[in-house]
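If you want the building blocks of each chain, they are given just below.
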Amino acid sequence: MSSTRDLPGQVVLAPEQVPAEVVEKAAAGDRAAQEAVLEGTSTFVRRMLYKLIGRVDDLEDLQQTVLMRIVTGLPRWRRESALSTWVGGICVNVSRDYLRQRRTRSVELDGEPAERALQNRPASSDLQGEAEAREELRRCRSALDRLSVNHRTAFVLKTLGHSVEEIAQMTGSATSTTRLRLYYARKAFTRALAATAPQAEGA
Amino acid sequence: MSPRTCQVPAQALADLVFGDGSPRPGLDEHLASCESCRQALAGYRKAADALCGAEPPAQSEDGRRRQIAAALRAARSQPARTAPRFRGWTAFAGGALATAAAALVAFIALRVPDPTSSPGWAVLESGHLGEGGASFESGATLTREGLLEVPAGAEAKLKLADGSEVEAVEGSRFSASVAVGSSFGLESGRLTFSVRPRPKDSPFVVETAEARVTVVGTRFMVSRALTGAGPVTEVSVEHGIVEVRSAADGTVRRLMAGERLRVPPEVAASPGSSAPGQVEEQAAPEKTASRPVAPRHRPPPADAAGIEYIRNRIQAGQLKEARALIARARGAGPGADLAELAVVEAEATLAEGRHGAAIDAYLAVTRKFPGTPQAEEALFAAASLAVDHAGRARGLQLLRQYQSTYPRGSFSEDVRRLQKALGGPGR
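The shown structure was predicted, so the numbers you read here are calculated from the model rather than taken from an experiment.

1. Section: the overall build of chain A
Part 1 of the argument: A count of helices and strands for chain A gives nine helices and two strands.
Part 2 of the argument: Listed N to C, the secondary structure of chain A is β-β-α-α-α-α-α-α-α-α-α in terms of helices and strands.
Part 3 of the argument: The 203 residues of chain A split such that 54% are buried.
Part 4 of the argument: Of the contacts formed within chain A by residues at least 6 apart in sequence, a portion of 66% connects residues at least 24 apart.
Part 5 of the argument: Accessible surface for chain A amounts to roughly 8,600 Å². Of this, 50% is attributable to carbon and sulfur atoms.

Set out below in structure tokens:
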């Protein structure tokens, strides 16, 4: 069984690598198998949620919500997609609800989470580079905040490397809708990014 | 303000990074000689790196294990929905007996309410409900007051502590609070209530974004759905009387048995807009004194910012308002970007779920504004929609049309992929 080194100090097991028989047992209620499925998916869930919501606050709660939904939803999962796509779909639903709730509360802070996010990168002696990266992340998140929740979700999933078909499955949308969402999200994101561009850029 | 002076659109460079990475024909050669574009491209790559490189704080092994254990505990505490696995009629009969016994126990428990032994605010009599990560099955006692959702293909019937009943259809999303009286918040879907007579100081209230419904004791239904004109709340009464207050302007209407009231969305609270939403009665028009509403919108949006505002309205489901704004913008004179407005109009049609009309609207853009970037975008949008909603032949025809019109277009790669998927010439 292969694994990929992903987060600093952690070995990530991709959800696809949870053996099918373990998933079957978990769906049937086997406690050890359920634990194995959550072991195999928890880091994936954490990373995906973080990318989708773009902040650390509430991450633990959302992660736990998704893990719980995995366990309760497994008996109903029809195995029509990869485990990662199904789990990703749960992450998408949970994060969309969260983002919509946050949007209605009109609260969004980016500087502090961006700081924390970059602390999780490998240590670097390039202080100026770190500062630039932090500023870039702040700009990107600010641009993402200007997108609708659907556009934002599709766009982020695409940057995570998911195909249009996978994004369509995860978001429960038609592929044509997803393609158009991606197209308009790219346009909106580019516009928003340009609006926050530093004046000195390109000078 | 972008310092770029090059004619190559910034979007083409951004698409190179955030799209599928397939370069526009000739772009590589151009980049080799254009410093301005190389810098812009580097900027987009930096942004992509920042997005992809941001990682959540690493979770300690202990923390992760604790979280998994907690999730398992929480999942176990909820009655999980397991797929039925019948092994012949004996198993079925056994299951049926067990179900009947459980139903009998639940029935007895409900007939003899004992507040001290049942801390919940409601019992799920039948159907399924989800709350956050939890799911509830028939017989479950609801103790928390979170956002509840009826899963696809399911329904739910709740019995409240005072004997009132609530039925929710598939996809309904609602919350409840029973601290003082009973209060329900409906986000979407439809709830039907049978409310037991209750004291005046313990109101039974159902709220949506558009209306507040106060009940004394009756059977009524509240639904909230997205329509072409935005989210609309509808209240209908079978027995008794309910009072409906518009969230927009506080207008109150009393609804009698057999009457129905539709409450359209509040006009967007944009600067300069003070017109309230309209309360219009449908079932008993003779009693209605609907005030005509002439919403005051923002100044005619003919520029890019205005178009952006219209798009935001579309995304917010305010399609009627968006269409009104498009019409006003179109008449704004030479400053209006008519091609972009036509694309936005097609988007509004798509948002209404009228796929065929949306295809026509996109195609109209290609006819009316040939040679513009919007025409290319619209043709791809039409082809893309046709693939999913107008059949293979129509989809392939429009994809071919795109290819012949824009042999080296921005969407060539997407078009080839779609053709391949349809078994067409892109193979």
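2. Examining the interface of chain A and chain B
Part 1 of the argument: Contacts between the two partners involve 60 residues from chain A and, on the opposite side, 60 residues from chain B.
Part 2 of the argument: Of the roughly 5,700 Å² buried between chain A and chain B on both sides combined, carbon and sulfur atoms contribute 54%.
Part 3 of the argument: Broken down residue by residue, the surface that chain A buries against chain B is led by M68, R179 and R186 of chain A, which jointly contribute 10%.
Part 4 of the argument: In this assembly, chain A and chain B are joined by seven salt bridges.
Part 5 of the argument: As a salt-bridge pair, R173 of chain B and D97 of chain A come within 3.5 Å of each other at their nearest N and O atoms.
Part 6 of the argument: Here chain A is connected to chain B by 16 residue pairs in polar contact (both at pLDDT 80 or more).
Part 7 of the argument: Among the elements that take part in the side of chain A that touches chain B, helix α9 (residues 175-195) of chain A stands out by supplying 12 residues, more than any other.
Part 8 of the argument: Residue classes in the side of chain A that touches chain B are distributed as 22 nonpolar, 18 polar and 20 charged.

3. Let's talk about the pattern of salt bridges
Part 1 of the argument: All chains considered together, the criterion is met by 23 salt bridges over all chains.
Part 2 of the argument: A salt bridge links R64 of chain B to E39 of chain A; the nearest nitrogen and oxygen atoms lie 3.0 Å apart. You can see R64 of chain B sitting in helix α4 (residues 61-77) and its partner E39 of chain A sitting in helix α2 (residues 31-53), one on each of two chains.
Part 3 of the argument: Of the residues examined, E39 of chain A reaches a relative accessible area of 21% and is grouped as partly exposed.
Part 4 of the argument: Taking the shortest distance from any N to any O, the salt bridge between K187 of chain A and E377 of chain B comes out at 2.8 Å.

4. Comments concerning helix α3 (residues 59-73) of chain A
Because each turn of an α-helix spans 3.6 residues, side chains separated by three or four positions end up pointing in the same direction.
Part 1 of the argument: Here α3 of chain A spans 20 Å end to end across 15 residues, near enough to the 21 Å set by a 1.5 Å rise per residue.
Part 2 of the argument: The buried fraction of α3 of chain A amounts to 11 of the 15 residues, a majority that puts the element mostly inside the structure.

5. Describing unusual backbone geometry
Trans is the common state for peptide bonds, and a negative phi is the common state for residues other than glycine.
All names here are of chain A.
Part 1 of the argument: For D58, which is not glycine, the phi dihedral falls at a positive 70 degrees.
Part 2 of the argument: Residue placement: D58 occurs in the loop between α2 and α3.
Part 3 of the argument: Take D58: its relative accessible area is 34%, and that puts it in the partly exposed class.

6. Quick word on the nonpolar core
Part 1 of the argument: By size, the foremost hydrophobic cluster in this structure holds 75 residues, and its most contacted members are V45, I70, L74 and F189 of chain A.
Part 2 of the argument: Beyond its immediate stretch of four places on either side in the chain, V45 of chain A contacts Q63, V66, L67, I70, V87 and C91 of chain A.

7. Things to note about the confidence of the model for chain A
Residues and elements named next belong to chain A.
Part 1 of the argument: The predicted model of chain A averages 77 in pLDDT, with 77% of residues at 70 or higher.
Part 2 of the argument: The low-confidence segment residues 1-13, where pLDDT is below 50, has 26 contacts with residues more than four positions distant or belonging to other chains.
Part 3 of the argument: The low-confidence segment residues 105-115 (pLDDT under 50) makes 19 contacts with residues lying over four places distant or belonging to another chain.

8. Section: α4 of chain B
Part 1 of the argument: The terminal C-alpha atoms of α4 of chain B lie 24 Å apart, and with 17 residues this matches the ideal 24 Å at 1.5 Å per residue to within 8%.
Part 2 of the argument: Within α4 of chain B, burial applies to G63, R64, Q67, I68, A70, A71, L72, A74 and A75 of chain B.
Part 3 of the argument: For α4 of chain B, the secondary structure elements touched by its buried residues are α2 and α3 of chain A.

9. Points about the packing of helix α7 (residues 319-330) of chain B against helix α8 (residues 338-351) of chain B
Residues and elements named next belong to chain B.
Part 1 of the argument: Packing of α7 against α8 brings their axes to within 10 Å, and their N-to-C directions diverge by 165 degrees. For the element pair α7 / α8, the angle class is roughly antiparallel. Of the two elements, α7 crosses α8, and the hand of that crossing is left-handed. Taken together, the residues of α8 that come into contact with α7 (itself represented by L319, R323, I326, A329 and R330) are L338, L341, V344, E345, A348, T349 and A351.
Part 2 of the argument: In terms of residue class, the contact of α7 with α8 is made up of eight nonpolar, one polar and three charged.

10. Observations concerning the packing of aromatic side chains
Part 1 of the argument: On inspection of all chains with the given rule, the structure shows 12 aromatic pairs over all chains.
Part 2 of the argument: In textbook terms, an aromatic cluster arises when at least three aromatic residues are bridged by ring pairs, as seen for F155 and F189 of chain A together with F18 and Y44 of chain B.

11. Quick notes on the pairing of strand β7 (residues 165-168) of chain B
Residues and elements named next belong to chain B.
Part 1 of the argument: Relative to β7, strand β6 (residues 156-160) runs antiparallel, the two being bridged by four bridges. Opposite L158, over in β7, you have V166 as the bridge partner.
Part 2 of the argument: Looking at chain direction, β7 and strand β9 (residues 182-194) are connected through four bridges and run antiparallel. Counterpart to V166 in the pairing with β9 is F193.

12. Regarding the pairing of strand β8 (residues 173-177) of chain B
Residues and elements named next belong to chain B.
Part 1 of the argument: Taken together, the three bridges between strand β5 (residues 147-149) and β8 define a ladder with antiparallel strand orientation. What sits directly across from L147, in β8, is S175.
Part 2 of the argument: Looking at chain direction, β8 and β9 are connected through five bridges and run antiparallel. Paired with R173 across the strands is S188, a residue of β9.

13. A word on the environment of V344 of chain B
Residues and elements named next belong to chain B.
Part 1 of the argument: Along the chain, V344 falls in helix α8.
Part 2 of the argument: Taking the C-alpha atoms as reference points, V344 and A361, 17 residues apart in sequence, are found 9.7 Å from one another.
Part 3 of the argument: Filtering out sequence-adjacent residues up to four positions away, V344 remains in contact with I307, I310, R311, I314 and I326.

14. Some details on the packing of helix α11 (residues 392-405) of chain B against helix α12 (residues 412-421) of chain B
Residue and element names in this part refer to chain B.
Part 1 of the argument: The geometry of α11 relative to α12 is characterised by a closest axis approach of 10 Å and an angle of 150 degrees between their N-to-C directions. In terms of axis orientation, α11 runs roughly antiparallel to α12. Here the hand of the crossing between α11 and α12 comes out left-handed. Contacts between α11 and α12 involve L396, L399, R400, Y402 and Q403 on the former and, on the latter, S412, V415, R416, L418 and Q419.
Part 2 of the argument: In the contact of α11 with α12, the residues fall into five nonpolar, three polar and two charged.

Rules used in this analysis
Each chain has its residues counted from 1, following the order in which its sequence is written. As a convention, the first chain written is A and the first ligand written is 1, with the rest following in written order. Two thresholds apply to this predicted model, a pLDDT of at least 70 for residue-level local features and 80 or more for giving and counting side-chain atom pairs, whereas whole-chain, interface and lining totals are computed over all residues. Hydrogen atoms and water are omitted, and side-chain values are computed over all heavy atoms in the structure. Put simply, DSSP H or I for four residues or longer makes a helix, DSSP E for two residues or longer makes a strand, and each gets a number counted from the N terminus. Buried means the residue's accessible area, taken with a 1.4 Å probe over protein chains only, is under 20% of the maximum for its type, while exposed means over 50%, and partly exposed covers the values in between. In this analysis, two residues are considered to be in contact whenever any of their non-hydrogen atoms come within 4.5 Å of each other. Per-residue and other accessible areas were derived by the Shrake-Rupley procedure at a 1.4 Å probe size, with only the shown protein chains allowed to occlude residues. Once two parts are brought into contact, the accessible area they lose, counted with a 1.4 Å probe and summed over both, makes up the buried area. Salt bridge, as used here, is a side-chain nitrogen of Lys or Arg placed within 4 Å of a carboxyl oxygen of Asp or Glu. Polar contacts here mean pairs of N or O atoms no more than 3.5 Å apart (in protein, one a potential hydrogen donor and the other a potential acceptor; neighbouring residues in sequence count only if both atoms are side-chain atoms). Charged residues are taken to be Asp, Glu, Lys and Arg, nonpolar residues to be Ala, Val, Leu, Ile, Met, Phe, Trp, Tyr, Cys and Pro, and polar residues to be all remaining types, Gly included. A helix's residues, less one, multiplied by 1.5 Å, set its expected span. Side-chain atoms within 4.5 Å link the members of a nonpolar core, which is a set of buried Ala, Val, Leu, Ile, Met, Phe, Trp, Tyr and Cys residues. As a per-residue measure, pLDDT reflects the predictor's confidence and takes values from 0 up to 100. All axes are obtained by fitting lines to C-alpha atoms, using only the stretch in contact for helices, and the reported angles, taken between N-to-C directions, cover 0 to 180 degrees. Angles are sorted into four bins: roughly parallel if under 35 degrees, roughly antiparallel if over 145, roughly perpendicular if 65 to 115, and oblique for all others. When the near helix sits turned anticlockwise from the far one by under a right angle, the crossing is termed left-handed; a clockwise turn instead gives a right-handed crossing. Whether two aromatic rings pair depends on their centres lying within 6.5 Å, for rings of Phe, Tyr and Trp, where Trp uses its six-membered ring; planes under 30 degrees apart make the pair stacked, over 60 edge-to-face, and the rest tilted. Following DSSP output, two strands are said to pair if at least two bridges run between them.

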